[in-house]
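# Observations on chain architecture
In case you want the letters, here they are:
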Amino acid sequence: MSDPGRDDALTPTLGILARVRREVAEIRDAWQDPNTRRGTVAMFLVLAGTFGVGMLPPDNVWRDVPGLGWFQTSRAGQIIAVALLLYGVILLLDAWLRMRPTATSRPVSRGTLWCWSLPLLPAPPLLSFDAYSYAAQGEMVHRGFDPYSDGPAVLGDLFQAQVDPIWQFTPAPYGPLSLQVQHLVTDASGHNAYLAAILMRIPALIGVLLLAIYLPRLASALRYDREMTMWLAVLNPLVVLHLVGGAHNDSLMIGLMVLGLWLGVRHHLAVGAICIAAAASIKQPAAAAILAVAALHAWRGNDWGRPSKLDVMRKLVPAGAIFAVAFAAIGLASGLGFGWITALGVPGAVRSMLAPFTALGSGLEWIAYRAGATALGDAMVPTVQRIGQLIGLAIMGYLVWRYKAKHPVRTLGWILIAFVLTGPVIHPWYMLWGGLLFAMTEHSVRRRQAVLWATVGFVLYSAFDFGWFKNSQTALAVSAMLALIWVATGHDKGLNRDVDLHRSSHP
């Protein structure tokens, strides 16, 4: 006879093995699609391109490796690395666009996401140096430095040398859970500076996996188009290139946020609130999701009948209390406290011309300088940025009041998009915070086209800005031109799928 205690002990292991077998089966099935194979080839080209001079710090382990070092030490190698990167990115976009769901196409699966992600696992951090900052901040925590007071320059070693010079003396703006995750990864690397940056993909992959599992489930539960969600959101090239390739901590924030929304749908208000608290302890904008969790729970409790604003408030009070307690507990348990509050302005140290109000302020600054009004010019960018933030707060307040009870997930997507677009700095992966929810909840052809255009534009901008042009204005102009050419080929057609899944009466 079998031992019941032994069987119980084996259950979690068997469950994990069953999950692994399912994922392998999905990969095997996805590989039958030629577009999956085309995208995988594209990612191997991107992998080769990452060993060029633009993707690695000056002092790196690959410089003296035969073959790979040639991409950095030779002018011809540098040009070829850039060409491989750009061609790989374009080929990935082509494969993704060809996988658009139609009535006769193959179902989109996580297997494709795995096939496109796995080639990037050994790659240097892609299209961003942020992972090197994560490694340095993790090492700072290990050595007892306060990352909310000091910058990586205090380390004075390879950890510090890898960090972009812009961030050498700036404190960390991330939540305490993010810093402790970075600390854990740095410890796991044996305190190897370069390996620690590469291993930052582990928490990023966890976030992408949460996104890939629970966003389609959320779409099905709320009667949105699951196939379109898989294609337009989960398989989105920005997810592959920036969340997996760039190893950004935004990935874990988004994954935990989506999991919290799913728990809200499943009537687990307390666990969902704790999950949102964890997401906000990675990056603070996720805190907005507590509104959607409460509203989703109100829908569930009302047998999917539309709740009133009072119904939502009744759920928001306990959900908000649990969130606040959990968020404070994470900060205290981390030993890092709430020093991130004083570092919230750090990302704005970079003048991002992608941010509309920063671009407007820069234009007015230029005019003021040309007119000889130096003092006015100096004040123009920060003033316009503050105006943008006030406008953003007004928009977000209106969205919460007007739509949170009717369309909580859609409203959350709009809130996060408004937060980014009216903020002082935009990086392409910031658009994923609300953009993935927007891609799931917006079913009109025009809005799906907007997601497609934005994806193509930001992907091309990222590749040209980081891999070739160092002047962001030039990269923006070239990327916009190529995006328009790409859209003109007709890839933005046929996004309707000719279905109406009663979205108007569901959250």
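The preceding data block contains the structure.
Scoring rules and cut-offs
- Residues numbered from 1 in each chain as written.
- Predicted model: local features only at pLDDT ≥ 70, side-chain atom pairs only at ≥ 80, totals over all residues.
- Heavy atoms only, no water.
- Helix = DSSP H or I, 4+ residues; strand = E, 2+ residues; numbered from the N terminus.
- Contact = heavy atoms within 4.5 Å.
- Areas by Shrake-Rupley, 256 points an atom, 1.4 Å probe, with all protein chains shown as cover.
- Buried < 20%, exposed > 50% of the residue type's maximum accessible area, 1.4 Å probe, protein only.
- 1 Å grid on protein atoms, 1.4 Å probe; cavity = no way out; pocket = protein on both sides within 12 Å on 5 of 7 lines; lining within 4 Å.
- Points joined across faces, edges and corners; volume = space filled by probe spheres on them.
- Nonpolar A, V, L, I, M, F, W, Y, C, P; charged D, E, K, R; others polar.
- Patch = residues over 30% accessible without salt bridge, like charges linked within 9 Å, V, L, I, M, F, W, Y side chains within 5 Å.
- Salt bridge = Lys/Arg side-chain N within 4 Å of Asp/Glu carboxyl O.
- Expected span 1.5 Å × (residues − 1).

This part is about the overall build of the protein. Summing up its helical and strand segments, the protein has 22 helices and zero strands in all. The long-range share in the protein, meaning contacts at least 24 apart out of those at least 6 apart in sequence, stands at 72%. Carbon together with sulfur atoms contributes 66% to the accessible area of the protein, which is approximately 21200 Å² in total.

Before going further, it helps to spend a moment on the environment of L354. Here L354 shows up in the loop between α16 (309–333) and α17 (356–370). Its relative accessible area of 18% is what places L354 among the buried residues.

The next thing to look at is empty space enclosed by the protein. Taken as a whole and judged by the stated rule, the model has four cavities of 30 Å³ or more. Roughly 90 Å³ of volume is contained in the largest cavity. Every residue along the wall of the largest cavity is listed here: Y134, S178, V181, Q182, M200, P203, A204, A247, H248, N249, L252 and I282. Contributing elements (two or more residues each) for the lining of the largest cavity: α8 (176–188) and α10 (201–221). The biggest single contributor to the lining of the largest cavity is α8, with three residues. Split into classes, the residues belonging to the lining of the largest cavity amount to eight nonpolar, four polar and no charged. Taken as a whole, the second largest cavity spans an internal volume of roughly 70 Å³. Along its surface, the second largest cavity is lined by R110, L113, W114, S117, L205, V208, L209 and A212. Elements with a contribution of two residues or more to the lining of the second largest cavity: α5 (110–117) and α10. Tallied by class, residues from the lining of the second largest cavity come to six nonpolar, one polar and one charged.

Further remarks concern a nonpolar patch on the surface. Residues L332, F338, I341 and L344 make up a contiguous nonpolar surface patch of roughly 390 Å² in combined accessible area. Mapped onto the elements of the fold, I341 is located in the loop between α16 and α17. Judged by its relative accessible area of 48%, I341 falls in the partly exposed class.

One can find D250 in helix α13 (residues 250–265). Once residues within four sequence positions are removed from consideration, D250 is found in contact with Y134, L243, K283, W429, Y430 and W433.

Attention shifts here to unusual backbone geometry. Peptide bonds are mostly trans, and most non-glycine residues show a negative phi. Even without being glycine, H191 reaches a positive phi, approximately 60 degrees. Among the structural elements, H191 can be located in the loop between α8 and α9 (193–199). Located in the positive-phi region is H267, a residue other than glycine, with phi close to 75 degrees. Relative accessible area serves as the criterion here: at 42%, H267 is assigned to the partly exposed category.

As a further point, take helix α19 (residues 408–421). Taking 1.5 Å as the rise per residue, α19 with 14 residues should run 20 Å; its terminal C-alpha atoms sit 20 Å apart, in good agreement. Among the 14 residues in α19, 11 count as buried, and that is most of the element. Along α19, the residues that are buried comprise P408, V409, R410, T411, L412, G413, I415, L416, I417, A418 and V420.

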